[in-house]
Amino acid sequence: MPLRADLEGETLLSFSMSGAEWDALKKSNRRALLKMPCCGDRSVAKTSRLGKQYFSHYRKSESCDFESESKEHLLLKEVVAVAASQSGWEVIPEGSGESNDGQQWRADVLCKKSKASIALEVQLSKQSLEEFKARQDRYKRSAVRAAWFVGKSQFHHSKPSPSKDLPIFYVDWEAGCTNPKVL
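Rules of the game
The residue numbers shown here count from 1 along each chain, following its written sequence. Restriction of local features to residues with pLDDT of at least 70 applies here, the model being predicted, together with a cutoff of 80 or more for giving and counting side-chain atom pairs; totals for whole chains, interfaces and linings are based on all residues. Excluded from the side-chain calculations are hydrogens and water; all other atoms, namely the structure's heavy atoms, are used. Put simply, a nonpolar core is a bunch of buried Ala, Val, Leu, Ile, Met, Phe, Trp, Tyr and Cys residues held in one set by side-chain atoms that sit within 4.5 Å of each other. Each residue is placed in one exposure class: buried if its accessible area under a 1.4 Å probe, protein chains only, is under 20% of its type's maximum, exposed if it is over 50%, and partly exposed if it falls in between. The secondary structure listing takes helices from DSSP runs of H or I that are at least 4 residues long and strands from runs of E that are at least 2 residues long, numbered from the N terminus. Put simply, two rings from Phe, Tyr or Trp (the six-membered ring, in Trp's case) pair if the centres are within 6.5 Å, and we call them stacked under 30 degrees between planes, edge-to-face over 60, tilted for the rest. Note on criteria: charge over ring means Lys NZ or Arg CZ within 6 Å of the ring centre, with the direction from the centre no more than 35 degrees off the ring normal. In this scheme, strands are said to pair when DSSP sees at least two bridges between them. One side-chain nitrogen of Lys or Arg within 4 Å of one carboxyl oxygen of Asp or Glu is enough to make a salt bridge. It only takes one pair of heavy atoms within 4.5 Å for two residues to be counted as in contact. Every residue gets a pLDDT, meaning the predictor's confidence in that residue, from 0 to 100.

**Q** Mind laying out the nonpolar core, listing which residues take part and the relevant values?
**A** One finds Phe15, Leu76, Val80, Val91, Val109, Leu120 and Phe149 to be the most contacted residues of the largest nonpolar core, which totals 17 residues. Mapped by element, the contributors of at least two residues to this core are α2 (71-86), β9 (109-113), β10 (116-123) and β11 (145-151). Here this core gets 5 residues from one element, more than from any other, and that element is α2.

**Q** Can you tell me about the packing of aromatic side chains, naming the residues and giving the values?
**A** Think of a pair of aromatic rings as described by two things: how far the centres are apart, and how the planes are tilted against each other in angle. Under the criterion given, the structure shown has 4 aromatic pairs. A ring pair is formed by Phe149 and Phe169, whose centres lie 5.2 Å apart and whose planes are at 20°; its orientation type is stacked. A residue pair is termed long-range when its members are at least 10 positions apart, and Phe149 in strand β11 and Phe169 in strand β12 (residues 168-172) qualify at 20 residues. Take Phe169: its relative accessible area is 35%, and that puts it in the partly exposed class. Taking the ring centre of Tyr58 as reference, the NZ or CZ of Arg42 above it sits at 3.7 Å.

**Q** Can you tell me about the sheet that holds strand β3 (residues 34-35), naming the residues and giving the values?
**A** Pairing is antiparallel in the open sheet, where 3 strands are placed in the order β2-β1-β3. The open sheet terminates on both sides in strands that have one partner only, identified here as β2 (10-13) and β3. Taken together, the 4 bridges between strand β1 (residues 4-7) and β2 define a ladder with antiparallel strand orientation. Within β2, the position partnered with Arg4 by the bridge is Leu13.

**Q** Kindly report on the pattern of salt bridges, identifying the contributing residues and their values.
**A** Inspection of every chain in the model, using the stated rule, returns 6 salt bridges. Residue Lys52 is joined to Glu78 by a salt bridge in which the shortest nitrogen-to-oxygen separation is 3.8 Å. Of this pair, Lys52 sits in the loop between β4 (43-47) and β5 (53-57) while Glu78 sits in helix α2; the two residues are 26 residues apart in sequence, bridging distant segments of the chain. The exposure class assigned to Lys52 is partly exposed, which follows from its relative accessible area of 23%. What makes Glu78 buried here is its relative accessible area of 13%. Between Lys77 and Glu94 there is a salt bridge, with its nearest N and O atoms 2.5 Å apart. Of this pair, Lys77 sits in helix α2 while Glu94 sits in the loop between β6 (90-93) and β7 (96-98); the two residues are 17 residues apart in sequence, bridging distant segments of the chain.

**Q** Provide a residue-level description of the environment of Gln103, including the pertinent values.
**A** For Gln103, the position within the fold is in the loop between β7 and β8 (104-106). Judged by its relative accessible area of 34%, Gln103 falls in the partly exposed class. Each C-alpha atom of the pair Gln103 and Arg141 lies 9.3 Å from the other, and the pair is 38 residues apart in sequence. Residue contacts for Gln103: discarding those within four places in its chain leaves Gly97, Glu98, Arg138 and Arg141.

**Q** So what about the confidence of the model for the protein chain? Which residues, and what values?
**A** For any part of a model where pLDDT is low, the fine detail of the predicted coordinates should not be relied upon. When pLDDT is averaged along the protein chain, the result is 86; 89% of the residues meet or exceed 70. The least confident element of the protein chain, judged by mean pLDDT, is strand β13 (residues 181-182) at 58; the most confident is β9 at 97.

Written as structure tokens, this is what we have:
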């Protein structure tokens, strides 16, 4: 569930719009001009059961590789995007780039300030430590630092300790939780 859409060359961030602005967009004739940043297909503004604003494909797209995200993933992505924005970073949800060897990537939240770029990744589904390291290396080859917000049950046996090479922040979700805790 993307937090960003394009409207006639303007980037809209769902979490930065007030409820009144969001409702006005949903009722406006301009809503038909919303485009998904991932593929350029038509987008629609929606509100989740948790009250979170997000953009979605108007119709299922055969040409788009964007995968749906859980409500927890969307919520945590919004939390880190808002925190980065409030800290003075330019925030680009679903920001993409390419490593120096041509590998494409898309960050959950790409943050920029001056010459610095940071990818904030929410990883609540299972991913091997090797995959974390490979994705981290791809960001490094793109001159982008990356940090990971990971579900505390991500690793079955031993949890890797956060390090400079692999900054990991463990997140705890309680049943019905709408406020994740970073451990």
